[in-house]
Amino acid sequence: MKTRAAVAWQAGHPLTIEEVDLAAPKAGEVLVEVKATGICHTDYYTLSGADPEGLFPAILGHEGAGVVVDTGPGVKSLQLGDHVIPLYTPECRECKFCLSRKTNLCQAIRSTQGRGLMPDETSRFSLDGKPILHYMGTSTFSNYIVVPEIALAKIRKDAPFDKVCYIGCGVTTGIGAVVFTAKVEAGAHIAVFGLGGIGLNVIQGAKMVGADKIIGIDINPERATMAREFGMTHFLNPNEVDNIVDAIVQLTGGGVDFSFECIGNTQIMRQALECTHKGWGRSIIIGVAEAGAEISTRPFQLVTGRKWEGSAFGGARGRTDVPKIVDWYMEGKIKIDPLITHTLKLEEINEGFQLMKAGKSIRSVVVY
Ligand code: NAD
Ligand code: DAO
Ligand code: ZN
Ligand code: ZN
């Protein structure tokens with residue numbers, strides 16, 4: 001079949017809209033009509049050329065929601081008409097990683113997914129007979145996609161696609177880091193560095209679980225208004241504070257219980273660790289730093305009880321946890337609508353990247 005898609009032909013160049021060929025789903029695969037997709041920082045990072053693992057030509061996008069329109073042989077858990085969110089972190093429930101119960105990093109299709117291919121080492125996308133690569137196993141900048149069954153979360157049918165697509169990455173990454181990775185408890189003090197599409201979701205996750213002081217840190221003062229609406233209790237602008245670590249330690253009587261780095265800046269990662277409480281503070285890195293970057297601190301920070309950790313996709317097991325997060329949204333426990341600042345057509349997708357680059361959007365969503 002043919003599908004309309006925004007193709008990334010090479011790094012640093014705008015996407016172009018093409019009619020691409022899409023092969024039918026093979027065994028264990030599902031054809032999905034993508035109804036809406038968010039544009040995330042990571043798509044921008046790959047398109048910019050800064051991602052050393054970025055491959056071209058490819059169809060980017062990893063924050064989608066849609067409907068099952070066909071299934072390949074052997075697919076058991078999904079049927080025509082099911083509503084789904086594609087997962088860049090699949091959940092096979094059979095690999096060593098899934099069975100460990102210690103991580104959400106399912107490795108069942110990791111090696112082919114990282115090379116832009118389906119599990120049989122080929123691409124379903126092509127144009128004029130030449131293959132176009134998949135991206136993060138999802139490629140939601142295409143109106144139709146083929147995805148392995150293990151990389152689809154089945155969600156309720158009354159959830160609006162143009163909002164819950166954001167659960168495919170940003171919402172789950174932020175809220176999940178609080179709920180699944182850190183397991184923040186009620187009454188905890190927390191600090192959130194970076195109040196963008198991820199940090200605001202950390203804030204609402206912290207509010208949901210009953211955190212006490214929720215300190216937001218951002219160099220963009222305009223981010224404070226939205227952050228307050230999502231539960232931030234204190235705002236610090238590093239450009240107006242002499243020493244951000246000291247300021248947080250004073251504000252909390254010794255440091256926060258948990259901090260979250262949502263920028264991808266290694267200097268800030270150090271501050272995020274060092275503003276946590278002696279003896280038990282935990283700092284969760286969410287931001288993705290540039291290739292080759294390294295973090296540093298004095299080891300005594302760890303000797304004295306602080307822990308440095310990381311979180312991918314919020315520690316969420318996609319097929320199990322994503323439907324629950326959709327329920328939280330539908331039940332009004334979390335907010336998504338105010339975070340979607342721009343809704344675009346596929347033809348306008350490059351504007352979405354410009355808005356992100358200029359810091360003018362929290363999330364732009366493309367509706368097909
Ligand atoms: P964003 O651009 O929307 O937000 C970043 C925020 O950080 C902005 O508000 C910006 O003003 C602020 N900021 C920048 N430099 C700062 C500084 N020096 N001090 C204080 N604030 C500063 O980005 P986002 O979409 O929220 O993504 C944040 C990071 O999370 C990115 O690195 C992204 O790649 C990463 N990410 C990680 C995962 C994961 O699973 N770990 C998933 C998605 C995204
Ligand atoms: O299993 O080795 C692996 C890869 C896991 C990928 C997790 C990606 C999380 C960070 C990238 C940002 C995604 C938008
Ligand atoms: Zn993302
Ligand atoms: Zn697995």
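Throughout, residues of each chain are indexed from 1 in the direction in which the sequence is written. Naming scheme: in the order in which they are written, chains are lettered from A and ligands are numbered from 1. Thresholds applied to this predicted model are a pLDDT of at least 70 for local features of residues and 80 or more for the giving and counting of side-chain atom pairs; totals over whole chains, interfaces and linings are not thresholded and use all residues.

**Overview of the site of ligand 1**
To keep things clear, this is the line we draw: The rule is simple: place the C-beta atom from the backbone, and if it lies within 6 Å of a molecule or strand, the residue is near it. Segments assigned H or I by DSSP are reported as helices when at least four residues long, segments assigned E as strands when at least two residues long, and all are numbered from the N terminus. Throughout, the ten residues Ala, Val, Leu, Ile, Met, Phe, Trp, Tyr, Cys and Pro are labelled nonpolar, Asp, Glu, Lys and Arg are labelled charged, and all others, Gly among them, are labelled polar. What fixes the domain bounds is an automatic or database domain assignment.
Taken together, 29 residues lie around ligand 1, and G194, G196, G197, I198 and G264 are the ones closest in. Among the elements that make up the shell around ligand 1, the one with the highest residue count is helix α1 (residues 41-48) (3 residues). Partitioning the shell around ligand 1 into residue classes produces 15 nonpolar, 12 polar and 2 charged. Two domains each provide a minimum of three residues to the shell around ligand 1, namely domain 1 (2-168 + 336-367) and domain 2 (171-312).

**A few points about the nonpolar core**
The cut-off we apply is this: We define the nonpolar core as any set of buried residues of the types Ala, Val, Leu, Ile, Met, Phe, Trp, Tyr and Cys, connected via C-beta atoms lying within 7 Å of each other. Between the buried cut of 20 or more and the exposed cut of 12 or fewer other C-beta atoms within 10 Å of a residue's own C-beta lies the partly exposed class, and all C-beta atoms are placed from the backbone. Our contact criterion uses C-beta atoms placed from the backbone: two residues qualify when those atoms are within 7 Å.
Of all hydrophobic cores here, the largest spans 103 residues; its most connected members are V164, I190, A191 and V192. Three or more residues apiece are contributed to this core by two domains, here domain 1 (2-168 + 336-367) and domain 2 (171-312). Leave out the neighbours within four places in its chain, and V192 touches G199, V202, I203, G216, I217, F260 and C262.

**Observations concerning the sheet that holds strand β7 (residues 130-132)**
Under the convention used in this document: Strand pairing is assigned whenever DSSP identifies at least 2 bridges connecting the two strands. All axes are obtained by fitting lines to C-alpha atoms, using only the stretch in contact for helices, and the reported angles, taken between N-to-C directions, cover 0 to 180 degrees.
In space, the 4 strands of this open sheet follow the order β1-β2-β6-β7, with antiparallel pairing throughout. Single-partner strands in this sheet number two, and they are β1 (2-7) and β7. Pairwise comparison of adjacent strand axes, ignoring direction, gives a mean angle of 50° for this sheet. Two elements, strand β2 (residues 16-22) and strand β6 (residues 125-127), share 2 bridges in a ladder whose sense is antiparallel. Among the inter-strand pairings, L22 is bridged to a residue of β6, identified as F125.

**A short note on the UniProt feature "domain: Enoyl reductase (ER)" (unreviewed entry) in the protein**
The line we're drawing: UniProt positions are given in the numbering used here, feature names are shortened, and annotations may be inferred rather than shown by experiment.
Residues given the UniProt feature "domain: Enoyl reductase (ER)" (unreviewed entry) here are residues 12-366. Secondary structure across residues 12-366 divides into 27% helix and 22% strand, with the first and last C-alpha atoms of the span separated by 20 Å.

**Brief notes about the site of ligand 2**
Ligand 2 sits among C40, T42, H62, T89, L105, R110, C169, V288, A312 and F313. Classifying every residue of the shell around ligand 2 gives 6 nonpolar, 3 polar and 1 charged.

**Some points on helix α7 (residues 223-230)**
Stated precisely, the cut-off is as follows: By arc we mean the arc of the directions from the helix axis to the C-beta atoms, nothing more.
Within α7, the full set of buried residues consists of R223, A227 and F230. Along the axis of α7, the buried residues cluster in a sector spanning 60°; they form a single face. In the core, the buried residues of α7 are packed alongside α6 (199-208), β11 (214-217) and β12 (234-236). In the segment just after α7, G231 is the residue with positive phi, at about 125°.

**Examining unusual backbone geometry**
For the bond from F56 to P57, the omega torsion is -5°, close enough to zero to count as cis. Along the polypeptide, P57 turns up in the loop between α1 and β4 (64-71). Phi is positive for E121, which is not a glycine, with a value near 70°. Within the fold, E121 resides in the loop between α3 (110-114) and β6.

**Some points on the environment of L105**
With respect to the helices and strands, L105 occurs in the loop between α2 (96-100) and α3. For the pair L105 and P90, spaced 15 residues apart in sequence, the C-alpha separation works out to 7.8 Å. Ignoring sequence-local partners within four residues, the contact set of L105 consists of T89, F97 and A312.

**Quick word on the pairing of strand β3 (residues 29-39)**
In terms of burial, β3 is largely enclosed, as 9 of its 11 residues are buried. Both β3 and strand β8 (residues 144-148) contribute to a ladder of 5 bridges, which runs antiparallel. Residue pairing across strands places L31 opposite V146, the latter belonging to β8. For β3 and β4, the ladder comprises 7 bridges, and the chain directions are antiparallel. Bridge assignment links E33 to a residue of β4, and that residue is V67. Direction of pairing for β3 relative to strand β17 (residues 363-367): antiparallel, over a ladder of 4 bridges. Residue pairing in the sheet places I39 in a bridge with S364 of β17.

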